[in-house]
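These are the residues of each chain, in order.
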Amino acid sequence: MRDIDGHTRVLGLIGDPVEHTGSPAIHNRLAEKLGDNVVYMPFRVGAKRLEEAVDGAYALGIEGLNVTVPHKVEVMQYVRELDDAALEIGAVNTLSRIRGGFRGYNTDFSGFMRELDSVDIQVNGRDVIVLGAGGASKAVMYALKKLGARQTFVLNRSIQKAESFFGGVKDTTILGFEDWRRIPEGKYICIQCTSVGLSPDDNACVIEDEGFYDLVESAVDLIYKPKETAFMKKVASHGGKAYNGLRMLVYQAVTSYEFFMKREVPEEIAEELYNELDS
Ligand code: ATR
């Protein structure tokens, strides 16, 4: 534990629940590595107190906050400024202190882009299959379009929900999971964004049908617990490359920290942090 003194600055996370979050461990470890006099705390905030919490955090001089479920959309009303990407994605997971309030960012999409880059998955001109249409998929879809994906197929349990999120998006086809055979033959990048397969349901997989995995050349499962999900195992057993979401988690945290502290985090420190968490 670092010494806390009169100069110590405060960062945190607001959400409900917050008990299972890994963010305090990541951010406090980052602060330690960088020698910054700052602590990161979890704050459980109910939906009705969100505005008060944001105003109160500003009044207390809190430097920055991460925002998690269920506040990522609602918090957009309470920021002083909104980053363009966050506005387009429709969700904020990072508040960075500015004069008069906070500026809202989305670092999930940038974390995802940094993960793709670090595992050398090149999206430009490629066709991509996205499994799931929740909050995480919105950030993923934004990143895929930004990176120049050609066509995207979004498969979701609730087609209606997927339509409401991505119905108007160019070169995007929405299907149910059972309709995967309607995807033209070929080799795809596949991003698994549902919560199916998350520990303790390690053996669950959103598409059980083995034939689907012949379409997958490389894949990212946004889940990182367990380290190798049932989805990743299926991709690998059909000759594809599969990565979990731990890099995305680390990079979104690092990017948030950069916004909070208005400083750069050297790539070696991010890599070191990833290796420690991966061990
Ligand atoms: P996140 O913010 O992590 O994306 P979310 O917005 O709750 O979380 O989205 C969860 C995703 O997992 C959704 O795509 C959800 O499907 P629905 O939109 O149909 O609800 C998907 N999901 C969760 N449980 C599922 C299950 N048992 N089978 C299939 N999809 C599931």
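Just so you know, these numbers come straight off a predicted model, no measurement behind them.

A. Focus on the layout of surface pockets. Estimates place the volume of the largest pocket at around 1,700 Å³. Every element with two or more residues in the lining of the largest pocket is listed here: helix 1 (23–34), strand 3 (64–67), helix 5 (135–146), helix 6 (159–166), helix 8 (246–261) and helix 9 (267–278). Considering each element in turn, the lining of the largest pocket owes the most residues, 4 residues, to helix 8. A breakdown of the residues in the lining of the largest pocket according to their chemical character gives 21 nonpolar, 18 polar and 8 charged. When residues of the lining of the largest pocket are assigned to domains, at least three map to each of domain 1 (9–106 + 247–278) and domain 2 (110–244). Size it by volume and the second largest pocket reaches roughly 240 Å³. Together, 14 residues line the second largest pocket, and N156, R157, K161, T194 and S195 are the ones closest to its centre. For the lining of the second largest pocket, a count of residues per class yields 5 nonpolar, 7 polar and 2 charged.

B. Fine view of the site of the ligand. In the vicinity of the ligand, the contacting residues are G132, A133, G134, G135, A136, N156, R157, S158, K161, T194, S195 and V196. For the ligand, an oxygen atom lies 2.9 Å from a polar atom in the backbone of S158. Protein contacts shield 64% of the accessible area of the ligand, which totals 640 Å² for the unbound molecule. When each cavity is represented as a set of grid points, the ligand is found to reside in the second largest pocket. The residue inventory of the shell around the ligand, partitioned by class, reads 3 nonpolar, 7 polar and 2 charged.

C. Up close: the sheet that holds strand 3. Sheet architecture is open: 6 strands sit in the order 2-1-3-5-6-4, paired in mixed fashion. Both outer strands of the open sheet, strand 2 (38–44) and strand 4 (81–82), are each paired with one neighbouring strand and no more. Looking at chain direction, strand 1 (residues 9–15) and strand 2 are connected through 7 bridges and run parallel. Bridging across to strand 2, G15 finds its partner in R44.

D. Representation of the packing of aromatic side chains. Summed over all chains, the structure comprises 8 aromatic pairs. Residues F165 and F166 carry aromatic rings whose centres are separated by 5.8 Å and whose planes lie at 80° to one another, so their mutual orientation is edge-to-face. A residue is classified by how much of its surface remains accessible, and F165, at 29% relative accessible area, is partly exposed. Using a relative accessible area of 5% as the deciding quantity, one classes F166 as buried. Each ring, one from W180 and one from F212, has its centre 5.8 Å from the other, and the planes form 80°; the classification is edge-to-face. With W180 in the loop between strand 9 (172–175) and strand 10 (188–192) and F212 in the loop between strand 10 and strand 11 (216–221), this pair connects stretches of sequence that are 32 residues apart. Of the two residues, W180 and F212, neither departs from the other in class, the shared state being buried. Every member of this aromatic cluster is reached through a ring pair, and the members are W180, F212, Y213 and F231.

E. Seen up close, the domain arrangement of the protein chain. Domain boundaries in the protein chain define domain 1 (9–106 + 247–278) and domain 2 (110–244). Just the C-alpha atoms count here: the centres of domain 1 and domain 2 sit 26 Å apart. Taken together, the contact pairs 14 residues of domain 1 with 14 residues of domain 2. Counting each side, the surface lost to burial between domain 1 and domain 2 is near 1,400 Å², with a carbon and sulfur contribution of 57%. Joining domain 1 to domain 2, the criterion identifies 3 salt bridges.

F. Local environment of unusual backbone geometry. Omega for the peptide link from D16 to P17 comes to 5°, which places this bond in the cis form. Mapped onto the elements of the fold, P17 is located in the loop between strand 1 and helix 1. With an omega dihedral of 10°, the bond running from S199 to P200 counts as a cis peptide bond. Here D120, not a glycine, exhibits a phi torsion of approximately 60°, which is positive. Mapped onto the secondary structure, D120 falls in the loop between helix 4 (108–118) and strand 7 (128–131).

Calculation criteria
Residues numbered from 1 in each chain as written. Predicted model: local features only at pLDDT ≥ 70, side-chain atom pairs only at ≥ 80, totals over all residues. Heavy atoms only, no water. 1 Å grid on protein atoms, 1.4 Å probe; cavity = no way out; pocket = protein on both sides within 12 Å on 5 of 7 lines; lining within 4 Å. Points joined across faces, edges and corners; volume = space filled by probe spheres on them. Helix = DSSP H or I, 4+ residues; strand = E, 2+ residues; numbered from the N terminus. Nonpolar A, V, L, I, M, F, W, Y, C, P; charged D, E, K, R; others polar. Domains from an automatic or database assignment. Near = heavy atom within 4 Å. Polar contact = N/O pair within 3.5 Å; in protein donor to acceptor, adjacent residues only side chain to side chain. Areas by Shrake-Rupley, 256 points an atom, 1.4 Å probe, with all protein chains shown as cover. Sits in = over half its atoms within 2 Å of the grid points. Pairing = 2+ DSSP bridges. Phe/Tyr/Trp six-rings, centres within 6.5 Å; stacked < 30°, edge-to-face > 60°. Buried < 20%, exposed > 50% of the residue type's maximum accessible area, 1.4 Å probe, protein only. Contact = heavy atoms within 4.5 Å. Buried area = accessible area lost by both parts, 1.4 Å probe. Salt bridge = Lys/Arg side-chain N within 4 Å of Asp/Glu carboxyl O.

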